[in-house]
Amino acid sequence: MNFDPAQRAVLAALADVLIPASDGMPSASAGAVAEEGLNQVLAAVPSLEASLADVLARAKGREPAEVIASLARTDPSAYGILTEVVTAAYFMNPDVRKAVGYTGQGPSPLDPRVDYMEDGLLESVIKRGPIYRPTPKS
């Protein structure tokens, strides 16, 4: 990604205001939000790069807590971009996911003791009948 070390340092400081260390959880900077986490987020959503760069430029040289408070009050869009990037990067960290007990997505078998027909939840689906969209052939 195109963020230099100074920009990443600004991001780390802002991120630590949003996610400080607490109750055995690492702070955002300790969770590599401004390093690998940022790279992963921008690889997934490159359209956030320019907006985040703008937020970081506006925050440079300012007190991080004041920047966060100001953005939350006066620029909800910029605040939203910052919080989206920081939280996504934080929860992409395998140590953070482990600490919160998130093992990832996987299959969830149906509970055979539950009668899904009992409360009529599936009635409309059964009445509708089978429908599908064919998958495109490549």
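Worth saying up front: this structure is predicted, and the values here are computed from it rather than measured.

What about a nonpolar patch on the surface?
No. 1: Taken together, the side chains of Leu121, Leu122, Val125 and Ile126 make up a nonpolar region of the molecular surface, amounting to roughly 340 Å² of accessible area.
No. 2: You can see Leu121 is positioned in the loop between helix H6 (94–99) and helix H7 (123–128).

A closer look at the nonpolar core
No. 1: Counting 29 residues, the largest nonpolar core has Leu11, Leu14, Leu52, Leu82 and Val86 as its most contacted members.
No. 2: When residues of this core are traced back to their parent elements, those giving at least two are helix H1 (5–18), helix H2 (33–44), helix H3 (49–59), helix H4 (64–74) and helix H5 (76–92).
No. 3: It is H5 that contributes the most residues to this core, 7 residues altogether.
No. 4: Those residues in contact with Leu52 that sit more than four places away from it in its chain are Phe3, Leu11, Leu38, Ile81, Leu82 and Val85.

Quick word on the packing of H4 against H5
No. 1: One can describe the packing of H4 onto H5 by two numbers: an axis separation of 6 Å at closest approach and a directional angle of 125°. Accordingly, the angle class assigned to the pair H4 and H5 is oblique. Taking contact as the criterion, the partners of Ile68, Leu71, Ala72 and Thr74 in H4 are, on H5, Pro76, Ala78, Tyr79 and Leu82.
No. 2: Across the contact of H4 with H5, the residue classes break down as 7 nonpolar, 1 polar and no charged.

Structural notes on the pattern of salt bridges
No. 1: With the rule as written, the count across this model stands at 4 salt bridges.
No. 2: Linking Asp54 and Arg58 is a salt bridge whose minimum nitrogen-to-oxygen distance equals 3.3 Å. Here Arg58 and Asp54 lie together in helix H3, a separation of 4 residues that amounts to about one turn.
No. 3: The exposure class of Asp54 is partly exposed, given its relative accessible area of 41%.
No. 4: Overall, Arg58 belongs to the partly exposed group, its relative accessible area being 35%.
No. 5: Where Glu66 meets Arg62, a salt bridge forms, and the shortest distance between an N and an O atom there is 2.8 Å.
No. 6: Taking relative accessible area as the criterion, Glu66 reaches 36% and is therefore assigned partly exposed.
No. 7: Each of Asp54, Arg58 and Asp75 takes part in salt bridges that share partners, so that together they form one network.

Thoughts on H1
No. 1: Between the first and last C-alpha of H1 there are 20 Å, a value that for 14 residues agrees with the 20 Å anticipated at 1.5 Å per step.
No. 2: Turning to H1, its buried residues number three or more, namely Arg8, Val10, Leu11, Ala12, Leu14 and Ala15.
No. 3: Looking at the buried positions of H1, the neighbouring elements they touch are H2, H3, H4 and H5.
No. 4: Looking at where H1 begins, the residue whose side-chain oxygen comes 3.0 Å from the main-chain nitrogen of Ala6 is Asp4.

Let's talk about the packing of aromatic side chains
No. 1: Applying the stated rule across the entire model yields 1 aromatic pair.
No. 2: A centroid spacing of 5.2 Å and a plane angle of 85° characterise the contact between Tyr90 and Phe91, whose relative ring orientation is edge-to-face.
No. 3: In this structure Phe91 comes out as partly exposed when scored by relative accessible area, which is 41%.

Calculation criteria
Residues numbered from 1 in each chain as written. Predicted model: local features only at pLDDT ≥ 70, side-chain atom pairs only at ≥ 80, totals over all residues. Heavy atoms only, no water. Patch = residues over 30% accessible without salt bridge, like charges linked within 9 Å, V, L, I, M, F, W, Y side chains within 5 Å. Areas by Shrake-Rupley, 256 points an atom, 1.4 Å probe, with all protein chains shown as cover. Salt bridge = Lys/Arg side-chain N within 4 Å of Asp/Glu carboxyl O. Helix = DSSP H or I, 4+ residues; strand = E, 2+ residues; numbered from the N terminus. Core = buried A, V, L, I, M, F, W, Y, C linked by side-chain atoms within 4.5 Å. Buried < 20%, exposed > 50% of the residue type's maximum accessible area, 1.4 Å probe, protein only. Contact = heavy atoms within 4.5 Å. Axes fitted to C-alpha atoms, helices over the stretch in contact; angles between N-to-C directions. Parallel < 35°, antiparallel > 145°, perpendicular 65-115°, else oblique. Nonpolar A, V, L, I, M, F, W, Y, C, P; charged D, E, K, R; others polar. Expected span 1.5 Å × (residues − 1). Polar contact = N/O pair within 3.5 Å; in protein donor to acceptor, adjacent residues only side chain to side chain. Phe/Tyr/Trp six-rings, centres within 6.5 Å; stacked < 30°, edge-to-face > 60°.

The values reported here are purely geometric and, on their own, carry no functional implication.
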